[in-house]
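What follows is the residue order along each chain.
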Amino acid sequence: MRPNSSVYLPLNGNNSEESIVPKAHSGFSFRTFLFPCLLASITLNLGLVTSLWLRSKAATSQALYSPAQNAIDYKTVKFHSGFGADLPIYDRPPSPEVDAAWDGLYEFALNKVPRNEAVLLPNRTYPILGEEDHYMIALDVFHQLHCLNEMRKAMYPEYYPITGEGIHTPHMQHCLSSLRQSITCSVDITPIVWQWSNQSQAAKERSDVIHTCRDFEKIKYWAQNHFVPRQQNMTIFIDDDLDVPTIW
């Protein structure tokens, strides 16, 4: 945000330098004209530099390195309430279309990065089989969406077959734990508000408010450009000398 321009206060009439200005020029002083121009120019340039710095800092404010950090951008998004008719496709009853929408959220979850980026990671990762100069990663947002989808499926046991990832399983416990930690890590501070409802004759909580969000589509586009279309055989040992801590 550009700071407010400084207010220029002209020199007062008691200034000793002003008293020696010839009367013929008393209506105009080059010094008093130049000073506010310079001040305004400095203020505008500082505002521009500050704005660019804040945008850069916002995009790369993550303390630990991520290969996708340069893809971060922000936009405003109005949330859905999840009640009544305000249901995006992800919140509707099970159907092939709903499943396809959910699968599309994390279809590019498995990614690869070159060695020069892998060495910057806070934790060591594994090489790509047959492409050992690249290493596998998955952005946690896609892992979170996978977990949330499995929890959604557990709500409809009559539609989805029971699997090892279903309700009352260690995997579901893992998903709950992961989402809890992710939510408290992200710490969304968007204010939820209360507004009067004539229909209910009461002040009702409104969660369908505007948020400042990281642009998911840009992160998804990054993942698509780094996509590994297959999961390799993880039982094959690859000897590798990547000098990164196993767990930071």
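Below or above, wherever it landed, is the structure these notes cover. (Residues numbered from 1 in each chain as written. Predicted model: local features only at pLDDT ≥ 70, side-chain atom pairs only at ≥ 80, totals over all residues. Heavy atoms only, no water.)

### Quick notes on unusual backbone geometry
Located in the positive-phi region is Val187, a residue other than glycine, with phi close to 50 degrees. Structurally, Val187 can be placed in the loop between helix 5 (170-186) and strand 5 (193-197). (Helix = DSSP H or I, 4+ residues; strand = E, 2+ residues; numbered from the N terminus.)

### Section: helix 5
Over its 17 residues, helix 5 extends 24 Å from the first C-alpha to the last, a length consistent with the 24 Å expected when each residue adds 1.5 Å. Residues Met172, Cys175, Ser178, Leu179 and Ser182 constitute the buried set of helix 5. Seen along its axis, helix 5 keeps its buried residues to an arc of 120 degrees; they face one direction. In helix 5, the exposed positions that point more than 90 degrees away from the buried face belong to Pro170, Gln173, Thr184 and Cys185. Looking at the packing, one finds that the buried side of helix 5 touches helix 4 (140-154). Phi for Val187, located one or two positions after helix 5, is positive at around 50 degrees. (Expected span 1.5 Å × (residues − 1). Buried < 20%, exposed > 50% of the residue type's maximum accessible area, 1.4 Å probe, protein only. Arc of directions from axis to C-beta. Contact = heavy atoms within 4.5 Å.)

### Quick notes on the sheet that holds strand 3 (residues 127-128)
Backbone-to-backbone hydrogen bonds join strands into a sheet, with any given pair of strands oriented parallel or antiparallel. Reading across from one edge, 2-4-3 is the order of the three strands in this open sheet, with antiparallel pairing throughout. At either end of the open sheet lies a strand with only one pairing partner, and these are strand 2 (111-114) and strand 3. In this sheet, strand 4 (residues 131-137) lies alongside strand 2 in antiparallel orientation, the contact comprising four bridges. If you follow Val113 over to strand 4, its bridge partner there is Tyr135. (Pairing = 2+ DSSP bridges.)

### Side note on the pairing of strand 5
Strand direction decides the pairing type here: strand 5 and strand 6 (residues 202-206), joined by five bridges, are antiparallel. Bridging from a neighbouring strand, Trp196 pairs with Ala203 of strand 6.

### Comments concerning the packing of aromatic side chains
What the rule picks out here adds up to four aromatic pairs. Ring centres of Phe142 and Phe216 lie 6.2 Å apart, and the angle between their planes is 65 degrees; on these two criteria the pair is classed as edge-to-face. On the criterion of sequence distance, the pair formed by Phe142 in helix 4 and Phe216 in helix 6 (residues 216-225) is long-range, its members being 74 residues apart. We classify Phe142 as buried; its relative accessible area is 2%. Here Tyr159 and Tyr160 contribute two aromatic rings whose centre-to-centre distance is 4.8 Å and whose plane-to-plane angle is 75 degrees, an arrangement assigned as edge-to-face. (Phe/Tyr/Trp six-rings, centres within 6.5 Å; stacked < 30°, edge-to-face > 60°.)

### Focus: the side chain of Thr125
Inspection of the secondary structure assignment puts Thr125 in the loop between helix 3 (115-118) and strand 3. A relative accessible area of 18% places Thr125 in the buried class. Of note is the side chain of Thr125, whose polar atom sits 2.5 Å from the backbone oxygen of Met136. Setting aside residues up to four positions removed in sequence, Thr125 forms contacts with Tyr135, Met136, Ile137 and Leu242. (Polar contact = N/O pair within 3.5 Å; in protein donor to acceptor, adjacent residues only side chain to side chain.)

### What about the pattern of salt bridges?
In total, this model carries eleven salt bridges according to the counting rule given. Across the pair Arg152 and Asp99 runs a salt bridge whose closest N-O atoms are separated by 3.0 Å. With a gap of 53 residues between them, Arg152 in helix 4 and Asp99 in helix 2 (residues 96-105) connect regions that are remote in the sequence. On the accessibility criterion, Arg152 (6% relative accessible area) is buried. For Asp99, a relative accessible area of 18% corresponds to the buried category. Note that Arg124 is salt-bridged to Asp240, the shortest N-O span being 3.8 Å. Taken together, the residues Arg124 in the loop between helix 3 and strand 3 and Asp240 in the segment after helix 6 connect sequence positions 116 residues apart. On the accessibility criterion, Arg124 (33% relative accessible area) is partly exposed. A single network of salt bridges, built from pairs that share partners, joins Arg115, Arg124, Asp240 and Asp241. (Salt bridge = Lys/Arg side-chain N within 4 Å of Asp/Glu carboxyl O.)

### With respect to the environment of His168
With respect to the helices and strands, His168 occurs in the loop between helix 4 and helix 5. Take His168: its relative accessible area is 77%, and that puts it in the exposed class. Taking C-alpha positions, His168 is 9.3 Å from Ala154, a pair spaced 14 residues apart along the chain.

### Describing the nonpolar core
Of all hydrophobic cores here, the largest spans 21 residues; its most connected members are Val113, Ala118, Ile137, Leu139, Phe142, Ile219 and Trp222. Put simply, the parts of the chain that give this core at least two residues each are helix 2, strand 4, helix 4 and helix 6. (Core = buried A, V, L, I, M, F, W, Y, C linked by side-chain atoms within 4.5 Å.)

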